[in-house]
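A closer look at the structure
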Amino acid sequence: MDSTGTLFLPSGSSTVSQDVDALFYFMVYASIVLLGIVVSGLIYFGFRYRRKRQEAERLTAGISHNTKLEILWSVIPTILVMIVFVWGFRVFMDMHVVPAEATEIKVTGQKWFWTFDYPEGVNTLNELVVPVDKPVKLLMSSKDVIHSFFVPDFRIKMDVLPNRYSVTWFEATQMGEYPLFCAEFCGDGHSDMIGTVKVVSEREYAAWLEEGSYSGEGLSLADFGEALFSSKACITCHSIEGKPMAGPHLNGVFGKPVPLQDGGEVIADENYIRESILEPQASIVAGFQPVMPTYQGILKDREIDALIEYIKSLK
Ligand code: CUA
């Protein structure tokens, strides 16, 4: 298995990637060969039968059809298409039939981040940690619009839909970090809906599960908050440099009055920020859409404290 990737494809780091790539390259090279045959035929005949007064008529007058050639150019492409169909169907089945022993992880897509819930009770945001050489089943749904779970290095892509579950699976064959993308246009923050798949050894995985998700030991609250601000995807919608994005900017707002959509006003204190994280629809800032998801059940109290401290520190 190739870890660097090629001109066409990124590294192949799952059990299906070799099969997918082989089929892909078969189609690419078959197309190149056929293109070569068609184009050279075109050029040759264009030259051979080019118009030269009466002579052209003399050369082509007797040609109406050629049974042998016609059978040949029907049968060969049919065989090629059947090869691609049977081969593709087998690879498709391998990619879609989940091994019985797979670990099941719940994936939730929403504007604009991913959350992962492990059977052991751990949950993470935008970071899927999995053991190497073990099958992992992803049971996926969306809280709002259609997203698509796409890990190019594993050759998997599956739509994530509201109101129903979709399933995909993979078995990573190499440790490392791989980018995870949303492959369905889902609004303003679509291009920022990026996560990481971290493939670790079985021992590291067990230790990681044991520890639960990181709770910022050894960091000051504000520093922990800064780390959370990007790892929990706040940064996707909230600028810290004063420009409005999908949500209002957050620098220099702490302690100041905030105009609300309903014409009222509120002071951006600890309680207001906490409410905005847990019940984002309660007080919408004037000029913004109510698009923020709730972080209820996603953030722990200490994490909310840390985010508040961080926002306080933003000038
Ligand atoms: Cu989610 Cu694009």
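Residues numbered from 1 in each chain as written. Predicted model: local features only at pLDDT ≥ 70, side-chain atom pairs only at ≥ 80, totals over all residues. Heavy atoms only, no water.

1. Notes on the layout of surface pockets
Its volume calculated, the largest pocket comes out at about 740 Å³. Considering the residues around the largest pocket, the lining is formed by 39 residues, among which His238, Pro248, Leu250, Ser276 and Met292 are closest to the centre. Those elements giving two or more residues to the lining of the largest pocket turn out to be β11 (257-259), α6 (270-278) and α7 (301-313). Counting residues per element, the lining of the largest pocket draws most heavily on α6, at 4 residues. Residue classes in the lining of the largest pocket are distributed as 29 nonpolar, 8 polar and 2 charged. (1 Å grid on protein atoms, 1.4 Å probe; cavity = no way out; pocket = protein on both sides within 12 Å on 5 of 7 lines; lining within 4 Å. Points joined across faces, edges and corners; volume = space filled by probe spheres on them. Helix = DSSP H or I, 4+ residues; strand = E, 2+ residues; numbered from the N terminus. Nonpolar A, V, L, I, M, F, W, Y, C, P; charged D, E, K, R; others polar.)

2. Description of the side chain of Ser283
If you trace the backbone, Ser283 turns up in the loop between α6 and α7. With a relative accessible area of 18%, Ser283 lands in the buried category. If sequence neighbours within four positions are ignored, Ser283 has contacts with Leu260, Tyr272 and Glu275. (Buried < 20%, exposed > 50% of the residue type's maximum accessible area, 1.4 Å probe, protein only. Contact = heavy atoms within 4.5 Å.)

3. Some thoughts on the packing of helix α1 (residues 17-48) against helix α3 (residues 67-96)
In contact at an axis separation of 10 Å, α1 and α3 are set at 160 degrees when each is read in the N-to-C sense. Of the possible angle classes, the one that applies to α1 and α3 is roughly antiparallel. Crossing hand, α1 versus α3: left-handed. Contact residues: α1 offers Asp19, Val20, Ala22, Leu23, Phe26, Met27 and Leu34, while α3 offers Leu80, Ile83, Val84, Trp87, Gly88, Val91, Asp94 and Met95. (Axes fitted to C-alpha atoms, helices over the stretch in contact; angles between N-to-C directions. Parallel < 35°, antiparallel > 145°, perpendicular 65-115°, else oblique. Left-handed = near helix turned anticlockwise from the far one by under 90°.)

4. Some details on the packing of aromatic side chains
If you walk through the whole model with that rule in mind, you get 16 aromatic pairs. When the ring of Phe85 is compared with that of Phe89, the centres are 6.2 Å apart and the planes differ by 25 degrees; the resulting orientation is stacked. With Phe85 and Phe89 both in helix α3 and 4 residues apart, this pair spans about one turn of that helix. What makes Phe89 partly exposed here is its relative accessible area of 45%. Ring geometry for Phe229 against Tyr310: centres 5.3 Å apart, planes inclined by 55 degrees, an arrangement best described as tilted. (Phe/Tyr/Trp six-rings, centres within 6.5 Å; stacked < 30°, edge-to-face > 60°.)

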